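This is what each chain is made of:
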Amino acid sequence: MTKKIAVSLPDDVADRLAQEPNASAFVARAVRRQMAGEKTREVLARAGFVITDEDVAEAHAEMEQLKAGITPELRKQASRLQAEVLAARAKARR
């Protein structure tokens, strides 16, 4: 079952949503993702791990900093290692 609701959005969010072929599905996925995050935080809090929005922002900033340090040479190395792993898996299956 579905329910139709009206919401007011900032211009930038409304503009982005207007680009979606199925805005309702897009919004539903976004809200479900938010709900899953809230549930995860609840479970972690019950286990003694309290994660704040600041903690999440710091983790995202650290991830971006780490991604910025990935050089073309590191990408080549990773690609070579991936090829080796895939070849080894294929050989092991024979």
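Residues numbered from 1 in each chain as written. Predicted model: local features only at pLDDT ≥ 70, side-chain atom pairs only at ≥ 80, totals over all residues. Heavy atoms only, no water.

Trainee: I'm lost on the overall build of the protein in this one. Help?
Mentor: Broken down by element type, the protein carries four helices and zero strands. Computed over the C-alpha atoms, the radius of gyration of the protein is 21 Å, more than 25% above the 12 Å expected from 2.2 N^0.38 for a compact globule of 94 residues. Along the first, second and third principal axes, the C-alpha atoms of the protein reach 55 × 40 × 35 Å. (Helix = DSSP H or I, 4+ residues; strand = E, 2+ residues; numbered from the N terminus. Rg over C-alpha atoms; globule rule 2.2 N^0.38 Å.)

Trainee: Mind showing me how you'd approach a negative patch on the surface here?
Mentor: Taken together, the side chains of Glu54, Asp55, Glu58 and Glu62 present a region of like negative charge at the surface. Note on placement: Glu58 falls in helix α3 (residues 53–68). Overall, Glu58 belongs to the exposed group, its relative accessible area being 56%. (Patch = residues over 30% accessible without salt bridge, like charges linked within 9 Å, V, L, I, M, F, W, Y side chains within 5 Å. Areas by Shrake-Rupley, 256 points an atom, 1.4 Å probe, with all protein chains shown as cover. Salt bridge = Lys/Arg side-chain N within 4 Å of Asp/Glu carboxyl O. Lys, Arg positive; Asp, Glu negative; His and termini not counted. Charge placed at Lys NZ, Arg CZ, Asp CG, Glu CD. Buried < 20%, exposed > 50% of the residue type's maximum accessible area, 1.4 Å probe, protein only.)

Trainee: Would you mind showing me how to read a nonpolar patch on the surface here?
Mentor: A cluster of nonpolar residues, Ile5, Val7, Leu9 and Val13, forms a patch on the protein surface that exposes about 370 Å² of accessible area. Along the chain, Val13 turns up in helix α1 (residues 11–18).

Trainee: Explain the pattern of salt bridges to me, please; I cannot follow it from the model alone.
Mentor: Pairs may arise between side chains of opposite charge once their charged atoms sit close together. Following the criterion strictly, the structure yields four salt bridges and no others. The salt bridge involving Lys67 is made with Glu64; its shortest N-O contact spans 3.1 Å. In this pair, Lys67 and Glu64 both sit in helix α3, three residues apart, roughly one turn of the helix. Looking at Lys67, the relative accessible area reads 45%, which means it is partly exposed.

Trainee: How should I be thinking about the environment of Leu17 in this particular structure?
Mentor: With respect to the helices, strands and loops of the structure, Leu17 is situated in helix α1. Spatially, the C-alpha atom of Leu17 lies 42 Å from that of Glu84, the residues being 67 residues apart in sequence.

Read these as layout, nothing more, since geometry by itself doesn't imply function.
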